[in-house]
Amino acid sequence: MNTLLFPVILAGGKGERFWPLSRKERPKQFLSLDGSSRSLLQATADRLLALGGSWDTLWVITSSQIAEGVRQQLPDLPVENLLIESEGRDTAAAVAWTSLEIKQRYGEDAVIGFFPADHWIADQKAFAHTLSAATQLAASTAAIVTLGIKPTFPSTGYGYIEQGEKIGSFNELPAYHVNRFTEKPDRETAETFLSTGRFSWNSGMFVFRAGVVLKELHTHAPEIIEPLEQHGPDIYPQLPKKSIDYALMEKTTLAYVLPVDFGWDDLGDWNAIERLLKTEDTPNVELATHIGLDTQGAIIYASNPEDVVVTIGLEDVVIVRDRNVTLVVKKDRTQEIKQILKILQSDSRFTDLL
């Protein structure tokens with residue numbers, strides 16, 4: 001049984017909800033958001049290398065716009081392990097192309113894991129323990145294993161996975177057949193999910209054998225896998241834009257879930273900074289030189305340490321100062337940053353701000 005894991009970092013995202021810090025040439029995965037010196041991409045690579053593999057077994061798939069930045073951030077990554085998409089076509093195409101490449105090099109029994117470049121993991125030891133269990137399950141079973149995060153509150157921003165029949169334990173972790181995937185629910189539905197104890201958050205992390213996922217893609221997403229097999233990555237711009245959840249995970253009968261708890265956040269927007277760094281004895285989260293009067297519940301960030309942010313009488317706001325842009329937004333409206341970017345895109349005066 002092959003228990004070597006080939007981890008793949010999905011590094012093509014834009015991270016628009018972290019604008020203005022995240023921009024086209026410097027997307028979220030290139031940023032350090034926890035006050036450390038390592039970017040999210042570098043931290044993800046560190047975490048995966050610590051599983052016992054090497055740079056030779058680590059893969060990254062990214063977009064042509066930021067490929068040079070990936071090379072600079074991960075200079076030890078072999079050139080042949082960096083796949084560059086000519087045009088982003090979402091995660092289904094990325095999974096299909098990478099799985100084909102790894103199968104060609106290592107065979108259909110190669111166990112592959114896919115991991116977003118911009119997630120935060122608290123407990124590295126528990127994460128490694130979980131990945132060992134997922135690898136064992138994928139290596140021994142025709143399974144597409146997903147990591148389900150044990151929910152801590154009724155989130156309406158995450159997808160959910162309902163666990164079905166227990167199929168056994170791997171590395172002392174119980175594994176279940178997936179009953180269904182549910183996209184972001186409303187608050188009442190999320191509360192109902194949590195009350196059953198059967199639901200996990202969908203982390204977007206998957207583990208499977210190359211041959212298993214390619215066969216399932218042929219069954220459920222032939223419009224993606226067949227053109228790639230016939231024409232190679234040159235066909236990329238013509239592929240349909242679909243997520244792996246929509247193209248495959250919601251349809252396959254081979255989905256299994258490991259409910260896990262290693263401290264996880266998908267760092268979806270600026271509010272994630274508060275979840276990571278807020279302490280009880282501080283009124284705000286400050287990654288800036290901040291002078292405040294009667295200000296609380298604020299998230300304040302400045303990329304230039306010489307910039308000073310002064311606030312008076314503010315509550316529950318996000319303030320970001322980066323180069324020539326200052327963003328001020330209420331914390332409960334950070335999702336609307338994408339709407340601002342659409343306005344900027346439509347006005348030639350502001351294209352350099354994207």
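Here the structure is a predicted model, which means the values were calculated and not measured.

Draft legend 1. Expanded view of the side chain of E162. You can see E162 is positioned in strand β7 (residues 160–170). The class for E162 is buried, based on a relative accessible area of 8%. Side chain to side chain, E162 and R180 meet in a polar contact 2.8 Å long. When neighbours within four sequence positions are excluded, E162 is seen to be in contact with H177, V178, N179, R180, R198 and F199.

Draft legend 2. Just helix α6 (residues 210–220), in detail. Every buried residue of α6 is accounted for by A210, V212, V213, L214, E216 and L217. In this fold, the buried residues of α6 make contact with α3 (90–106), β4 (111–116), β6 (144–149), β9 (199–209), α7 (222–231) and α8 (244–249).

Draft legend 3. Broad picture of the nonpolar core. Formed by 46 residues in total, the largest nonpolar core has its most connected members in I9, L258 and F262. Top contributing element to this core by residue count: helix α4 (residues 124–140), with 7 residues. Apart from residues no more than four positions distant in its own chain, F262 is found in contact with I121, A122, D123, A126, F127, T130, L147, I149 and M205. Ranked by size, the runner-up nonpolar core spans 43 residues in total, among them V8, Y176, F206 and L228.

Draft legend 4. Just the pattern of salt bridges, in detail. If you walk through the whole model with that rule in mind, you get 19 salt bridges. Between R23 and D322 there is a salt bridge whose closest N-O contact spans 3.1 Å. One end of the pair, R23, is in the loop between β1 (5–10) and α1 (40–49); the other, D322, is in strand β16 (residues 317–322), and 299 residues separate them in sequence. In this structure, R23 and D322 share a single accessibility class: buried.

Draft legend 5. Broad picture of the pairing of strand β10 (residues 255–260). With 6 of 6 residues buried, β10 is to be regarded as a mostly interior element. Burial of the side chains of β10 extends over both faces: A255, V257 and P259 are buried on one face and Y256, L258 and V260 on the other. With 6 bridges connecting them, β6 and β10 associate as parallel partners. What sits directly across from L147, in β10, is L258.

Cut-offs and rules
Residues numbered from 1 in each chain as written. Predicted model: local features only at pLDDT ≥ 70, side-chain atom pairs only at ≥ 80, totals over all residues. Heavy atoms only, no water. Helix = DSSP H or I, 4+ residues; strand = E, 2+ residues; numbered from the N terminus. Buried < 20%, exposed > 50% of the residue type's maximum accessible area, 1.4 Å probe, protein only. Polar contact = N/O pair within 3.5 Å; in protein donor to acceptor, adjacent residues only side chain to side chain. Contact = heavy atoms within 4.5 Å. Core = buried A, V, L, I, M, F, W, Y, C linked by side-chain atoms within 4.5 Å. Salt bridge = Lys/Arg side-chain N within 4 Å of Asp/Glu carboxyl O. Pairing = 2+ DSSP bridges.

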